[in-house]
Amino acid sequence: MITVYQIEFATPEYDESVALRYEVLRKPLGLEYSPEQLSAEWSDIHLAAFDAWGKMIGILLLSPLDKQEVKMRQVAVAPEQQGRGVGAALVAASEEIARSLEFKKMTLHAREAAAPFYLRLGYQTVGDQFEEVSIPHYKMEKML
Ligand SMILES: CC(C)(COP(=O)(O)OP(=O)(O)OC[C@H]1O[C@@H](n2cnc3c(N)ncnc32)[C@H](O)[C@@H]1OP(=O)(O)O)[C@@H](O)C(=O)NCCC(=O)NCCS
């Protein structure tokens with residue numbers, strides 16, 4: 001059983017989510033989050049997934065870009081929980097929230113290895129491959 005709900009910035013749950021993101025997204029690349037990067041997250045929507053025991057197993061952030069467009073970022077599922085539908089549940093919940101806030105388009109920067117995951121969920125690549133956090137990415141988008 002997976003539960004997905006919104007968590008608040010600068011709470012113990014937020015700290016747990018940063019630790020999860022660090023393990024999944026930053027540590028394997030030998031990178032850290034800077035204080036500036038984290039403090040800029042106060043205005044993001046933070047969605048977390050929990051297992052049946054209340055352990056946080058996934059996280060996703062939404063950053064509004066303008067009135068129409070919202071960016072999905074920092075999508076991370078705990079390694080032992082990957083491939084069980086947690087990521088898909090987070091993306092579906094984020095799209096529901098974005099629609100309820102009347103955004104029209106979801107965009108994201110997908111790591112090359114994760115692009116098939118987003119394609120599976122109806123996202124399309126836009127433009128050429130580019131480099132971000134030292135690895136290849138594609139811009140992807142979906143109309144909401
Ligand atoms: C990419 C990630 C978020 C996907 O979450 P997940 O919980 O493992 O994915 P799900 O189990 O919800 O998969 C949903 C569908 O996508 C497919 N899928 C998931 N990851 C995939 C991948 N890397 N390549 C191809 N297909 C993939 C699944 O097979 C599943 O397909 P199905 O519906 O036909 O069964 C997760 O694996 C992860 O955190 N990876 C490491 C960090 C990362 O790359 N984050 C994304 C940064 S852009």
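Before reading on, note that the structure itself is shown above.
Residues numbered from 1 in each chain as written. Predicted model: local features only at pLDDT ≥ 70, side-chain atom pairs only at ≥ 80, totals over all residues.

Peer 1: Requested: an account of the overall build of the chain, with residues and values cited.
Peer 2: Broken down by element type, the chain carries four helices and seven strands. Mapped in sequence order, the helices and strands of the chain form the string β-α-α-β-β-β-α-β-α-β-β. Taking 2.2 N^0.38 as the reference for a compact globule, 144 residues should give roughly 15 Å; the C-alpha atoms of the chain span a radius of gyration of 14 Å, in line with that estimate. Seen through its principal axes, the chain has C-alpha atoms that stretch 40 × 35 × 30 Å. Here the chain, with 144 residues, has 22% of them falling under the buried criterion. When contacts within the chain are restricted to residue pairs at least 6 apart in sequence, those whose partners lie at least 24 apart make up 58%. (Helix = DSSP H or I, 4+ residues; strand = E, 2+ residues; numbered from the N terminus. Rg over C-alpha atoms; globule rule 2.2 N^0.38 Å. Buried ≥ 20, exposed ≤ 12 C-beta atoms within 10 Å, placed from the backbone. Contact = placed C-beta atoms within 7 Å.)

Peer 1: Lay out the nonpolar core in plain terms, naming residues and giving numbers.
Peer 2: Counting 25 residues, the largest nonpolar core has Leu60, Met72, Leu90, Leu108 and Met140 as its most contacted members. Elements represented by at least two residues in this core include exactly strand 2 (45–50), strand 3 (56–64), strand 4 (69–77), helix 3 (86–100), strand 5 (105–111) and strand 7 (135–143). When neighbours within four sequence positions are excluded, Met72 is seen to be in contact with Leu60, Leu62, Ser94, Met106 and Leu108. (Core = buried A, V, L, I, M, F, W, Y, C linked by C-beta atoms within 7 Å.)

Peer 1: Can you tell me about the environment of Gly127, naming the residues and giving the values?
Peer 2: Summarising the element assignment, Gly127 is placed in strand 6 (residues 124–132). Counting along the chain gives 92 residues from Gly127 to Pro35, while the straight-line C-alpha distance between them is 31 Å.

Peer 1: Summarise the pairing of strand 7; cite the residues concerned and give the values.
Peer 2: The sheet contact formed by strand 5 and strand 7 spans seven bridges and is antiparallel. From the neighbouring strand, Leu108 faces strand 7, where its bridge partner is Met140. Pairing geometry for strand 6 and strand 7, over six bridges, is antiparallel. Within strand 7, the residue paired with Gln124 across the bridge is Glu141. Linkage of strand 6 to strand 7, two consecutive antiparallel strands, is achieved through a turn of two residues, within which Val133 is found at a positive phi near 40°. (Pairing = 2+ DSSP bridges.)

Peer 1: Got a sec to walk through unusual backbone geometry? Specific residues and values, please.
Peer 2: Of note in this structure, Glu102 is not a glycine but carries a positive phi near 70°. Mapped onto the secondary structure, Glu102 falls in the loop between helix 3 and strand 5.

Peer 1: Account for the site of the ligand, naming residues and giving values.
Peer 2: Close to the ligand lie 19 residues, the nearest being Gln82, Gly87, Ala88, Pro116 and Phe117. Secondary structure elements with two or more residues in the shell around the ligand: helix 1 (12–26), strand 4, helix 3, strand 5 and helix 4 (115–120). Of the residues belonging to the shell around the ligand, the class tally is 12 nonpolar, four polar and three charged. (Near = placed C-beta within 6 Å. Nonpolar A, V, L, I, M, F, W, Y, C, P; charged D, E, K, R; others polar.)

Peer 1: Can you lay out the sheet that holds strand 2 for me, pointing to particular residues and giving the numbers?
Peer 2: One open sheet holds the seven strands; their spatial order is 1-2-3-4-5-7-6, and the pairing between them is mixed. Lying at the two open borders of the sheet, with one neighbouring strand each, are strand 1 (3–7) and strand 6. Ignoring strand direction, the axes of neighbouring strands in this sheet form an average angle of 25°. Pairing between strand 2 and strand 3: six bridges, direction antiparallel. Opposite Ala48, over in strand 3, you have Ile59 as the bridge partner. Along the sheet, helix 3 contacts strand 1, strand 2, strand 3, strand 4 and strand 5; its crossing angle with strand 3, the most-contacted strand, is approximately 30°. (Axes fitted to C-alpha atoms, helices over the stretch in contact; angles between N-to-C directions.)

By themselves these figures say nothing about function.
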